[in-house]
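The lines below spell out each chain.
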Amino acid sequence: MTGESNRGTFLVVCAVVASLALVGAYLAAGGSSYTPAKTQNPCKPRPWRSPEGLEQIAQQFSLSALDGAACELGVSRETLARALATPESRERFTERYEISDAELARAIRAGLLRAVDDAERAGALSPLLAGPLRATLRQIPLDQAIELINNAQSLLDNLQGFLGPAQGLLEQLLP
Amino acid sequence: MSAPRPRLTALAVAVGLVLADSSIVVLALPEIYRDLDTSVAGVTWVLVSFNLVMALAAVPAAHLARRIGPGRAAAIGLAVFAGAGLACGLSDELSTLIAARCVQALGGAAAVTAVLELLPATVGSERRAVAIWATAGATGAALGPAVGGLLTELVSWQSIFLIQAPLAIAAGIPVLAVARHEAATGIVATELRETGRPHLLANLALALVSAAIAAALFLLVLLLIEGWRLSPIGAAIVVSAMPLAALLGARLGPAAGSARARAAAGAILVAGGLGGLALLPKAEVVLTLPPQLLVGVGLALVLSALTETALAGRAPQAIHGGWTISARHAGVAIGLIALTPLFTADIAQQREDAIDAGTAVVLDSRVAPLLKLELAQRIEDRLEGERGKVPTIGPAFEPLPEDPGDRADTILLREELQDQLDRGATHAFSPSFGLGALIGLLALIPIGLARRVDL
């Protein structure tokens, strides 16, 4: 009986050791942190990564605008980005979150204005250009506003075309 | 009457076949879901209904076996099981499939409890009979998902049920000789003495441990197929590690220690294995093998030890065996009913989180803006196409850009995005595996409280 008791104790100890070893090894290998990356609160300012050239500025501008609009709507930047990918995804989004087109337009304009503020603060946009840009953005319709978020470079290209002879000046305004 | 050896094999096959049915459809559930155009909650009842009816019918079926004779009860039970299996395989609606599963469980309950009355006469020892009965049941339950997955992929989900009919009939042939003997002589070869009430603590521990094992099998299969996108046959190969480990555990046998020690060690191993599954550090199949090894060895130790304990010194064996069957299947059913809503809510949330994290990767990537926009549209299309599931994201990146720089950035982006989706899918199962581990550990309370569990 003592032999059986010893064997039983040994078996239980082996089970405890094996279980703890497995759990410990998986914890040490990062088992508790193997989760999707957390998305950032869109209402918190996101630092601009020293943009260089028109394309980089356009990218940062779009991301800032997405953050601003998402903050207004109370959704994540990522959810809004997917929503604006196609007209169908936009329709699904407005239905799911019960948002009217007018509310969406307001939010996107607010986002674009925040992007102008962020660009100005980051030194990527001159105050001389920021003022007229804000005035323009307050008036544009929803579809164009979405197009601007999706392809901010077109906005900057248009600005370039609009300024025409003052292209040299624009090069100075956009570092 | 037939020779003991073929009869012993037939009786063990009968027990393994019936108890495999509590888990055999796990890998077929996605196929049944699509084929019968039903809901996730509805298709879960294909599994739950069988276990619930087994839990409710096992003890009454054991009483029936004592009244009409175990030979006749086993023969009738196996015939009903085979017939209902055919009905399951021919079902084209969820309601008829669930109804047939309930009938199948009734036949199964009669067969399994009656076999326990027949085994001692076949092997010459009550203790050995109980050990064979428990091992056959544990092996069947562990093998179920792997066999079901293979059949689903190689043939169809219907074949899982259709193949059971000839097997049940083959297992019933040696039993018919006993039934004929009972009918001819009027002698019912059952134990007449009645000793002891059902072993409450052993049966409670059996229920808890069965709920934990059901969680391990059910959730692991879903993780592999729905989360990591393995085919049913691939998942079947992976989860076959568990029954192989169970065979290893079964070899330890009574020599490894007292029944209480084996039960405690088994419950700890099951909980440890589930703890490992809750903490998977990467979405890699090979990492599921050590936890499966622990669960497999653990289930063999704990199920056989607790079954022996519940039956030790008690008569009639069929009635007390019925209680163990009832406890095991009630545990499986309760485990599934309790874990399904938790798991469903978790996977929905984790899918959203993973998709958000993946979108963040795309937005913050170095890929050119217009390519980024195009990719976002393709990814959105894939998400919409696989609504409710973790999507396979690779095709959204095809064809790759021709520019070498864009190509390298896109490949990197695809890998990062897939990593986020894998993280989400794997993490979605963690709370449910963790709860399963906790339930396994809870079984230690009745095991510890049982004073007279040593055989």
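Here the structure is a predicted model, which is why all the values come from computation and not from measurement. (Residues numbered from 1 in each chain as written. Chains lettered and ligands numbered in written order. Predicted model: local features only at pLDDT ≥ 70, side-chain atom pairs only at ≥ 80, totals over all residues.)

1. Focus on the overall build of chain B
Next up, step 1: Within chain B one finds 17 helices and zero strands.
Next up, step 2: Across chain B, the fraction of contacts at a sequence separation of at least 24, relative to all contacts at a separation of at least 6, is 85%. (Helix = DSSP H or I, 4+ residues; strand = E, 2+ residues; numbered from the N terminus. Contact = placed C-beta atoms within 7 Å.)

2. Let's talk about the overall build of chain A
Next up, step 1: Helix and strand counts for chain A come out as nine helices and zero strands.
Next up, step 2: When its helices and strands are written in sequence order, chain A yields α-α-α-α-α-α-α-α-α.
Next up, step 3: Among the 175 residues that make up chain A, the fraction classed as buried is 37%.
Next up, step 4: For chain A, long-range pairs separated by at least 24 residues make up 67% of all intrachain contacts whose partners lie at least 6 apart in sequence. (Buried ≥ 20, exposed ≤ 12 C-beta atoms within 10 Å, placed from the backbone.)

3. With respect to the packing of helix α12 (residues 259-278) of chain B against helix α16 (residues 404-442) of chain B
Residue and element names in this part refer to chain B.
Next up, step 1: Interhelical geometry of α12 versus α16 gives an angle of 165 degrees and a closest axis separation of 8 Å. The orientation of α12 with respect to α16, classified from their angle, is roughly antiparallel. Here α12 runs over α16; the crossing is left-handed. Here Ala-267, Val-270, Ala-271, Leu-274, Gly-275, Leu-277 and Ala-278 of α12 come into contact with α16, specifically with Ser-430, Phe-433, Gly-434, Gly-436, Ala-437, Gly-440 and Leu-441.
Next up, step 2: Taken together, the residues that form the contact of α12 with α16 break down as nine nonpolar, five polar and no charged. (Axes fitted to C-alpha atoms, helices over the stretch in contact; angles between N-to-C directions. Parallel < 35°, antiparallel > 145°, perpendicular 65-115°, else oblique. Left-handed = near helix turned anticlockwise from the far one by under 90°. Nonpolar A, V, L, I, M, F, W, Y, C, P; charged D, E, K, R; others polar.)

4. Focus: helix α6 (residues 126-154) of chain B
All names here are of chain B.
Next up, step 1: Taking 1.5 Å as the rise per residue, α6 with 29 residues should run 42 Å; its terminal C-alpha atoms sit 40 Å apart, in good agreement.
Next up, step 2: When the local axis directions of α6 are compared, the greatest deviation, roughly 40 degrees, occurs at Gly-144, which is followed within four positions by the proline Pro-145.
Next up, step 3: For α6, a buried count of 21 out of 29 residues is recorded, marking the element as mostly surrounded by other parts of the structure. (Expected span 1.5 Å × (residues − 1). Bend = angle between axes of the 7 residues up to and from the residue.)

5. So, the interface of chain A and chain B
Next up, step 1: Contacts between the two partners involve 39 residues from chain A and, on the opposite side, 37 residues from chain B.
Next up, step 2: Taken together, the elements giving at least two residues each to the side of chain A that touches chain B come down to α1 (2-28), α2 (53-73) and α3 (77-83) of chain A.
Next up, step 3: In terms of residues, the side of chain A that touches chain B owes the most to one element, α1 of chain A, which gives 15 residues.
Next up, step 4: Here the residues of the side of chain A that touches chain B sort into 17 nonpolar, 17 polar and five charged.

6. Considering unusual backbone geometry
Glycine aside, negative phi is the norm for most residues, and most peptide bonds take the trans geometry.
All names here are of chain A.
Next up, step 1: Although it is not a glycine, Glu-98 sits at a positive phi angle of roughly 50 degrees.
Next up, step 2: Relative to the assigned elements, Glu-98 resides in the loop between α4 (87-97) and α5 (101-121).
Next up, step 3: Residue Glu-98 is classed as exposed on the basis of its 7 C-beta neighbours within 10 Å.

7. Here we look at the nonpolar core
Residue and element names in this part refer to chain B.
Next up, step 1: Of all hydrophobic cores here, the largest spans 180 residues; its most connected members are Val-115, Ala-212, Val-221, Val-270 and Leu-274.
Next up, step 2: A per-element tally of this core places helix α9 (residues 200-227) first, with 22 residues.
Next up, step 3: Not counting chain neighbours up to four residues away, the residues in contact with Leu-274 comprise Ala-212, Ala-215, Ala-216, Val-295, Phe-433, Gly-436, Ala-437 and Gly-440. (Core = buried A, V, L, I, M, F, W, Y, C linked by C-beta atoms within 7 Å.)

8. Some words on the packing of α9 of chain B against α12 of chain B
All names here are of chain B.
Next up, step 1: Running from amino to carboxyl end, α9 crosses α12 at an angle of 30 degrees, the nearest separation of the two axes being 11 Å. In terms of orientation, α9 lies roughly parallel with respect to α12. Read as a crossing pair, α9 and α12 show a hand that is left-handed. Facing α9, whose interface residues are Ala-205, Val-209, Ala-212, Ile-213, Ala-215, Ala-216 and Leu-220, α12 presents Ala-263, Ala-267, Val-270, Ala-271, Gly-273, Leu-274 and Leu-277.
Next up, step 2: When grouped by side-chain class, the residues that make up the contact of α9 with α12 number 13 nonpolar, one polar and no charged.

9. So, the environment of Ser-304 of chain B
Residue and element names in this part refer to chain B.
Next up, step 1: Looking at the secondary structure, you find Ser-304 in helix α13 (residues 289-311).
Next up, step 2: Taking the C-alpha atoms as reference, Ser-304 lies 8.4 Å from Val-130; in sequence the two are 174 residues apart.
Next up, step 3: Once residues lying within four places of it in the same chain are set aside, the contact partners of Ser-304 are Ala-131, Ala-134, Thr-135, Ala-138 and Ala-250.

10. Observations concerning the environment of Gly-172 of chain B
Residues and elements named next belong to chain B.
Next up, step 1: Along the chain, the position of Gly-172 falls in helix α8 (residues 164-185).
Next up, step 2: Distance in space between the C-alpha atoms of Gly-172 and Gly-77 is 9.0 Å, their sequence separation being 95 residues.
Next up, step 3: In contact with Gly-172, not counting residues within four places along its chain, are Ala-75, Leu-78 and Ala-79.

11. A closer look at the confidence of the model for chain B
Residues and elements named next belong to chain B.
Next up, step 1: Per-residue confidence for chain B gives a mean pLDDT of 84, with 90% of residues at or over 70.
Next up, step 2: Within chain B, helix α15 (residues 369-385) has the poorest average pLDDT of any element, 68, and α12 the best, 96.
Next up, step 3: Across the interface, the model reports ipTM at 0.82; the global pTM reads 0.79. (pLDDT = per-residue confidence, 0-100.)

12. Focus on the confidence of the model for chain A
Residues and elements named next belong to chain A.
Next up, step 1: In the predicted model, chain A carries a mean pLDDT of 78, and 80% of its residues have values of at least 70.
Next up, step 2: Mean pLDDT in chain A bottoms out at helix α9 (residues 167-173), which sits at 41, and peaks at α1, which reaches 92.
Next up, step 3: In this model, residues 159-175 is a region of pLDDT below 50 whose contacts with residues beyond four sequence positions or in other chains number 13 contacts.

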